[in-house]
Amino acid sequence: MVASMATSAFFPVPSSSSVASAKAPKPINEGPERLGIRGIVAKPASQSGAMEVKAQAQAIPKVNGTKVGLKAEAQTVEDDAPSAPRTFYNQLPDWSFLFAAITTIFLAAEKQFTLIDWKPRRPDMLADAFGLGKIMQDGLVFRQNFSIRSYEIGADRTASIETLMNHLQETALNHARSAGLLVDGFGSTPEMTKKNLIWVVTKMQILVERYPSWEDVVEVDTWVASSGKNGMRRDWHVHDYRTGETVLRATSVWVMMNKLTRRLSKIPEEVRAEIGRYFVDCDPIIDEDSRKVQKLEDNTADYIKRGLNPRWGDLDINQHVNNVKYIGWILESTPISILESHELAGMTLEYRRECGRDSVLQSLTAISNHGSNCSPEAGIECQHLLRLESGAEITRGRTEWRPKRAQGLQNMGPLPAGST
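If you're wondering where the values come from, they're calculated on a predicted model, not measured in any experiment. (Residues numbered from 1 in each chain as written. Predicted model: local features only at pLDDT ≥ 70, side-chain atom pairs only at ≥ 80, totals over all residues. Heavy atoms only, no water.)

**Describing the overall build of the chain**
Then, in step 1: Within the chain, the secondary structure is distributed over 8 helices and 18 strands.
Then, in step 2: Each of the 420 residues in the chain was classed as buried or not, and the buried ones make up 36%.
Then, in step 3: Taking the intrachain contacts of the chain between residues at least 6 apart in sequence as the baseline, contacts between residues at least 24 apart amount to 67%.
Then, in step 4: Looking at the chain as shown, the accessible area adds up to about 26,700 Å², and 55% of this sits on carbon and sulfur atoms. (Helix = DSSP H or I, 4+ residues; strand = E, 2+ residues; numbered from the N terminus. Buried < 20%, exposed > 50% of the residue type's maximum accessible area, 1.4 Å probe, protein only. Contact = heavy atoms within 4.5 Å. Areas by Shrake-Rupley, 256 points an atom, 1.4 Å probe, with all protein chains shown as cover.)

This is the structure in structure tokens:
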């Protein structure tokens, strides 16, 4: 329909009446002076060039039984001035109304656009808006920012330890991907993939200075270094994006395991050539805690949580339980009185065995230190063990707890009754 209108605008189509008149044959015995067609009588025009046309009805109509006579007025068509020639330009339609409509629409859209506030409320929201991270210091350090989401905070209105641990794991993987080493599995290099090797963590040590709150932005730096002959160390430094204050420091040791045999493996020279150029020659960000993590038994544990089952969502790409999940299971047997009054300040984990989806686990906790004189303001130290029902150890752990900082909740208002 639009195409037809556009075509007719540029190439006018003659009307049906004109076509009919052009095709109608001229009556016989009729000259140019007189033309009679169904009661229409044409008379010669006057000297002024006008033509009078009189129309007479063949039948007299009736209205309410009364005859009514109709008489058409004579019409005069002036033919003094010759008509303008029909050219392409004077046949163009008048587009002014369309231009006016388009201008009105654009003005309305511009007004609505200016009413929308596209500027972020806080400048730190612009920091790494897409969370892609970047390589720094000649490719040796990887940095990535994370915004604390509402679903990542717990009952204390701060980010949980699992949230922070997930940030550490994410930056480690993105570091390997940015370096072009991520092919298959969690951080597997091309040579590791050929030899069916994967990375597994054997030890992790964490110190938490403070826990970020909702809408805070944390900046995570990570790098790798050599650890012995067949290990790799990875460190993290998490700090507040706005203030620069340290949020968390962590160090870990990783070794290689054969994905098919599930046994530990030495680092092949081909793999060492791939990753060796990214190693940083520096000390661990945390001094190693050389204290031995005690093994717990049923008679030495104060609290035991049984019947812990991995879910399908707990498995990672290598088909074993994600190491972050172990932290949640360890806290399952921590007494609620400690969780309500204290916050986790430090943690040391030793991973002994992997856990599959069909495993059934037990979580054991023993409170080894209540602080001096059992004062509620003092810190608490706990020993932990995560094991299978058969008794095989999965993870040993030691946690340190400090009293919660009430001043950190002042900006959020008082906690609901019964939450502390």
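From this point, the discussion proceeds with the structure in view.
**A few points about the confidence of the model for the chain**
Then, in step 1: Of all residues in the chain, 66% attain a pLDDT of 70 or more, and the chain-wide mean is 76.
Then, in step 2: Per-residue pLDDT, averaged within each element of the chain, yields its smallest value for strand β3 (residues 52-55) (40) and its largest for strand β11 (residues 231-240) (97).
Then, in step 3: Segment residues 117-129: pLDDT under 50, and 15 contacts once partners within four positions in sequence are set aside and those in other chains are kept. (pLDDT = per-residue confidence, 0-100.)

**What to know about the pattern of salt bridges**
Then, in step 1: In total, this model carries 24 salt bridges according to the counting rule given.
Then, in step 2: Between Glu-288 and Lys-203 there is a salt bridge; the shortest N-O distance is 3.6 Å. Of this pair, Glu-288 sits in the loop between α6 (269-275) and β14 (303-308) while Lys-203 sits in strand β9 (residues 197-208), placing them 85 residues apart in sequence.
Then, in step 3: For Arg-249, the salt bridge goes to Glu-209, with nearest N and O atoms at 3.7 Å. (Salt bridge = Lys/Arg side-chain N within 4 Å of Asp/Glu carboxyl O.)

**A closer look at the environment of Lys-134**
Then, in step 1: With respect to the helices and strands, the residue Lys-134 is situated in strand β7 (residues 134-136).
Then, in step 2: Placed 44 residues apart in sequence, Lys-134 and Ser-178 show a C-alpha to C-alpha distance of 7.8 Å.
Then, in step 3: The residues touching Lys-134, leaving out its near neighbours within four places in the chain, are Val-141, Phe-142 and Arg-143.

**Overview of the environment of Leu-173**
Then, in step 1: For Leu-173, the position within the fold is in helix α4 (residues 161-178).
Then, in step 2: For Leu-173 and Ser-188, which are 15 residues apart along the polypeptide, the C-alpha to C-alpha distance reads 9.5 Å.

**Here we look at the packing of aromatic side chains**
Then, in step 1: According to the stated counting rule, one finds 2 aromatic pairs in the structure shown.
Then, in step 2: Seen from their ring centres, Tyr-326 and Trp-329 are 6.1 Å apart, and the 25 degrees between their planes marks the pair as stacked. Of the two residues, Tyr-326 and Trp-329 both sit in helix α7 (residues 323-332), 3 residues apart, roughly one turn of that helix. When sorted by exposure, Tyr-326 lands in the same class as Trp-329, which is buried.
Then, in step 3: Ring geometry for Tyr-326 against Tyr-351: centres 5.6 Å apart, planes inclined by 35 degrees, an arrangement best described as tilted. Taken together, the positions of Tyr-326 in helix α7 and Tyr-351 in strand β15 (residues 342-351) put the pair 25 residues apart, joining distant regions of the chain. Grouping residues by exposure puts Tyr-326 and Tyr-351 together as buried.
Then, in step 4: Of the aromatic side chains, those joined through ring pairs into one cluster are Tyr-326, Trp-329 and Tyr-351. (Phe/Tyr/Trp six-rings, centres within 6.5 Å; stacked < 30°, edge-to-face > 60°.)

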